Amino acid sequence: MGLWQTLFPSGLFTASFMQNAWLAGTAVAALSALVGFFVVLRGATFVAHAVPRASFAGAAGAVLAGGDTVLGLAIFSALSALGMAALGTRRDQGQTTALVLMAALGLGSLFLALGGAYAPEVYALLFGQIVGIGRMDVYAILGLLLLALAATALLYRPLLWSSVAPDVAEAKGVPRRRMEILFLLLVALAATAAVPIVGALLSFSLMVGPAAAAAYFGRSPGQALGIAVLIGILSIWLSLVFAYDTGLPVGFFVAAVTAVFYGLGRLWAHLWQIERGRGQVPV
Amino acid sequence: MRNLDPVRTHEDSVLDLQGVAVHLGGRAVLHGIDLSLRPGEFVGVIGPNGAGKTTLLKIILGLLRPDEGTVQVAGRDVRAARSLVGYVPQSFAPDPDLPLRARDLVALGLDGARWGFSLGGARRRAKVEEALSWVDALHYADQPVGRLSGGELQRLLVAQALISDPRIVLLDEPLANLDLRSQGDVVALVGRVAHVRGVTVVLVTHDMNPLLSVMDRILYLARGQAALGTVDEVVRGDVLTQLYGHHVDVVRVHGRILVVGGADAESLTCGTCDG
Ligand SMILES: Nc1ncnc2c1ncn2[C@@H]1O[C@H](COP(=O)(O)OP(=O)(O)OP(=O)(O)O)[C@@H](O)[C@H]1O
Ligand SMILES: [Mg+2]
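How each quantity is defined
- Residues numbered from 1 in each chain as written.
- Chains lettered and ligands numbered in written order.
- Predicted model: local features only at pLDDT ≥ 70, side-chain atom pairs only at ≥ 80, totals over all residues.
- Heavy atoms only, no water.
- Helix = DSSP H or I, 4+ residues; strand = E, 2+ residues; numbered from the N terminus.
- Rg over C-alpha atoms; globule rule 2.2 N^0.38 Å.
- Contact = heavy atoms within 4.5 Å.
- Areas by Shrake-Rupley, 256 points an atom, 1.4 Å probe, with all protein chains shown as cover.
- Near = heavy atom within 4 Å.
- Polar contact = N/O pair within 3.5 Å; in protein donor to acceptor, adjacent residues only side chain to side chain.
- Nonpolar A, V, L, I, M, F, W, Y, C, P; charged D, E, K, R; others polar.
- Buried area = accessible area lost by both parts, 1.4 Å probe.
- Salt bridge = Lys/Arg side-chain N within 4 Å of Asp/Glu carboxyl O.
- Phe/Tyr/Trp six-rings, centres within 6.5 Å; stacked < 30°, edge-to-face > 60°.
- Buried < 20%, exposed > 50% of the residue type's maximum accessible area, 1.4 Å probe, protein only.
- Lys NZ or Arg CZ within 6 Å of the ring centre and 35° of its normal.
- Pairing = 2+ DSSP bridges.

Novice: Could you give an account of the overall build of chain B, with specific residues and numbers?
Specialist: Broken down by element type, chain B carries seven helices and 13 strands. Expected size for 275 residues packed as a compact globule is a radius of gyration near 19 Å; at 19 Å, chain B falls within 12% of this value. If one aligns the C-alpha atoms of chain B with their principal axes, the spans along those axes are about 60 × 40 × 35 Å. Sequence separation of at least 24 residues holds for 64% of the intrachain contacts in chain B that already meet a minimum separation of 6. Accessible surface, chain B as shown: approximately 11800 Å² in total, 49% of it carbon and sulfur.

Now the structure itself:
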């Protein structure tokens, strides 16, 4: 009973700022895992790392211009995604992604310098602030989740095919470039929702961690997608509890918990292979 | 182009190219290509690196518009006939941890270009099982594709191409990276696709020898030009000499064919060597 009370004090669920945190956190985790599934399938983890960071410059620009930081985030994540799509072919995507990221970070530091030394809203976006969000933010995030759900439901098969076997898919009428652009826009969407909550520095872990772990647990694409969303939601829930109990930043726990899930996934795959290997006769 | 086959465009041809020319990077990659393929015909496409083999496949797939000439599949424009053309790509090397089973890959060949997600369904499952059984892949249907051998993967790609009931299947170097036994398996399988199922097969390879027993005609590409005919008609010193533009000898040893270029053998495709 004592332990239970310590782990789950009543305010964890009843405080209104925590209720917002639960709702927004769950939605962001689901959205990140959904997009992260395609990130992992395409081996595009660097993009998932770069877009949230590049979007941070938009927030700095918004502060300078006196505008809404989340709008700045949205514009910059979309622009950086489109920039990567315009410049990159899939083979040298690393270079062009880095180029766009550097350009955005350069702009971001310029905006910060011009905007004055101290901009608390901007620093909050670096590390996230899940307990500081209002009911309107929750609605906005739920809206983004619905948009991403509708888009992936519609694009599921062509995007999957283009991700795993782009040559055949293209030959059968799934345009590679268009799928690439749509994919990058989905990453921008996820970044816009995740950065205010878990921060530009750590939203990568929420996008890639659960999906990478799920690739080890799930055998079919559908299974892996479902498991990624479950792991993502479970990760944010655990992180919220730990953060509330300890007063430490939620981003730290998100990174730690998703890393643990990833480790479990690798362990599972390893054990499963040993198990299967037993039945086989060495040739 | 020397079309040594008397059969010209006629009613039952599934693929027609007339006067096709392609310029890439300011250079004529293909020019004056005429060909007409019949249903159930197995055509091997041979030629040195850079001869335009992949470019030819791209034209048939509608991924590249020729600068001159016309391309028709079953009497229709290639773009309208996309569902009639199956494709096995030159390279496919999935990540070992990709959460995709053999049956998932084959299923994408059936409806992967459609919007939305599939709700499964018994008919879809049965079609996938049937396609897997054609290529003798049922016993590894639930294995992750990233852990299959090259030959096993190649068979799956053939199943993925066949599941949508195409009239033509194009294979870009399916024999590269396979050992002799797997090469034989894939060639026999593709031969059955052509001669039993009646699907026209266009198979690109660097070595014609594994195909000698199944190939109906050979399309020899060099310097952007083509010679089409049976092996005996095309793989001859005089024909290839004209195609290459310099002296070429054709040597037959122990039932294998060796193409040797007189002065600069280095620049020629070697009929028996790999790659
Ligand atoms: N996009 C392009 N721009 C310029 N030149 C190109 C382009 N694509 C292909 N080429 C050139 O066209 C020629 C034919 O290329 P293709 O890929 O069709 O050759 P291939 O016969 O398939 O060769 P390989 O045996 O090496 O696969 C080559 O010389 C190549 O350099
Ligand atoms: Mg090629």
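Novice: I'd like a rundown of the site of ligand 1, residues and numbers included.
Specialist: Residues and elements named next belong to chain B. In the vicinity of ligand 1 there are 15 residues, among which R27, G50, K53, T54 and T55 approach most closely. Between an oxygen atom of ligand 1 and a side-chain N or O atom of R27, the distance comes to 2.5 Å. Summarising the interface, the protein chains cover 61% of the accessible area of ligand 1, which totals 640 Å² for the free molecule. Here the shell around ligand 1 takes three residues from helix α1 (residues 53–61), the largest share from any one element. Grouping the amino acids of the shell around ligand 1 by side-chain chemistry returns four nonpolar, eight polar and three charged.

Novice: I'd like a rundown of the interface of chain B and chain A, residues and numbers included.
Specialist: Between chain B and chain A, the contact holds 32 residues from the first and 27 residues from the second. Three residues stand out in chain B for area buried against chain A, namely B:P99, B:L108 and B:W115, and they jointly supply 22% of the buried area on that side. Put simply, chain B and chain A have one salt bridge between them. A salt bridge links A:R157 to B:D111, with the nearest nitrogen and oxygen atoms 2.9 Å apart.

Novice: Residues and numbers for the packing of aromatic side chains, please.
Specialist: Residue and element names in this part refer to chain A. In total, this model carries 13 aromatic pairs over all chains according to the counting rule given. Between F252 and F253, the ring centres sit 4.9 Å apart and the planes meet at 65°, which makes this aromatic pair edge-to-face. Judged by its relative accessible area of 10%, F253 is buried. Taken together, the aromatic side chains of W4, F8, F13, W22 and W237 make up a single cluster linked through ring pairs. Taking NZ or CZ as reference, R42 lies 4.6 Å from the ring centre of F183, over its face.

Novice: Describe the pairing of strand β4 (residues 42–46) of chain B, and please don't skip the residues or the numbers.
Specialist: All names here are of chain B. When you tally the buried positions in β4, you get five out of five residues, the bulk of the element. Covered by surrounding structure in β4 are F42, G44 and I46 together with V43 and V45, the residues of both alternating faces. In this structure, β4 lies alongside strand β9 (residues 200–204), joined through four bridges in parallel fashion. Its bridge partner lying in β9, F42 is registered against V201. Sheet topology note: the β4/strand β10 (residues 217–222) ladder contains four bridges and is parallel. Directly across from V45, in β10, lies its bridge partner L219.

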